[in-house]
Amino acid sequence: MNVDMTTSIPAGAHQSSSAQSKAMVDYNSFLKLLIAQMKNQDPTQPMDSTQYVAQLATFSQVEQSMQANTKLDQILQASSLSQATSLIGHSISSLDGEVSGIVKEVRLFSDGMVAVLESGEQVLVGPGISITAPPAGDTGPATT
């Protein structure tokens, strides 16, 4: 009997996409599946206990990988916030050079960030943009 562990969503799971959430299973769900598998197995041909241990080990590896991915996502978010903060007060120019100015604020989106200039114009922060430091003696926007 094959058990498909990719269709259950654990209680309290917090993922950004539904595909990732569908792939997650918590230990309680796994144990429920294991008990159901044991109850419904053919008594004349019981499953070998090593198969149960192998399933548990595989499940554990998948769960650890998912936890590592969650931590990596958190690190990437923190890195994006740090990058966004460091752009404020700097001069930025778009790839084509048509839009340029001092960055007033940065807006973060799931697929990147947009710098909002003092003029109100927006520049997509990505490959090809030009960023220069504020003029000497200018430490950026004043904070109180």
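Computed from a predicted model, the values in this text were never measured in an experiment.

**Topic: the pattern of salt bridges**
This model, assessed by the stated rule, comprises one salt bridge. Close ionic contact of Arg107 with Glu105 constitutes a salt bridge, the shortest N to O distance being 3.0 Å. For Glu105, a relative accessible area of 29% translates into the label partly exposed.

**Here we look at the sheet that holds strand E1 (residues 91–93)**
Taken together, five strands build an open sheet; the order of strands is E4-E3-E2-E1-E5 and the sheet is antiparallel. The strands lining the two open edges of the sheet, one partner per strand, are strand E4 (122–125) and strand E5 (130–132). Averaged over all pairs of adjacent strands, the angle between strand axes in this sheet comes to 40°, irrespective of strand direction. Along the sheet, helix H3 (residues 49–87) makes contact with strand E2 (100–109), strand E3 (112–117), E4 and E5, crossing E2 at roughly 160°.

**Some remarks on the environment of Val125**
Following the sequence through the fold, Val125 ends up in strand E4. Look at Val125 and you get partly exposed, because its relative accessible area is 21%. Counting along the chain gives 33 residues from Val125 to Ile92, while the straight-line C-alpha distance between them is 9.1 Å. Among residues more than four places away in sequence, those in contact with Val125 are Leu87, Ile92, Met113, Val114 and Ala115.

**Some words on the confidence of the model for the chain**
Per-residue confidence for the chain averages 74 on the pLDDT scale, and 74% of its residues sit at or above 70. Note that residues 1–20 has pLDDT below 50 and, in this model, 31 contacts with residues that lie over four places away or in other chains.

**Considering the nonpolar core**
Counting 11 residues, the largest nonpolar core consists of Ala84, Leu87, Ile92, Val99, Val103, Val106, Met113, Ala115, Leu117, Val123 and Ile129. Mapped by element, the contributors of at least two residues to this core are H3, E2 and E3. At three residues, the largest contribution of residues to this core is made by E3. Counting five residues, the second-largest nonpolar core is a separate cluster that includes Leu34, Met47, Tyr52 and Phe59.

**Digging into the pairing of E4**
Pairing analysis gives four bridges linking E3 to E4, with the strands arranged antiparallel. Opposite Val116, over in E4, you have Gln122 as the bridge partner. Two successive antiparallel strands, E3 and E4, enclose a turn made up of four residues, where Gly120 displays a positive phi of approximately 95°.

**Comments concerning the pairing of E3**
By the criterion of burial, E3 is predominantly enclosed, with five of the six residues buried. Here E2 pairs with E3 via six bridges, running antiparallel. Bridge pairing links Val106 to Ala115 in E3.

Conventions we followed
- Residues numbered from 1 in each chain as written.
- Predicted model: local features only at pLDDT ≥ 70, side-chain atom pairs only at ≥ 80, totals over all residues.
- Heavy atoms only, no water.
- Salt bridge = Lys/Arg side-chain N within 4 Å of Asp/Glu carboxyl O.
- Buried < 20%, exposed > 50% of the residue type's maximum accessible area, 1.4 Å probe, protein only.
- Pairing = 2+ DSSP bridges.
- Helix = DSSP H or I, 4+ residues; strand = E, 2+ residues; numbered from the N terminus.
- Axes fitted to C-alpha atoms, helices over the stretch in contact; angles between N-to-C directions.
- Contact = heavy atoms within 4.5 Å.
- pLDDT = per-residue confidence, 0-100.
- Core = buried A, V, L, I, M, F, W, Y, C linked by side-chain atoms within 4.5 Å.

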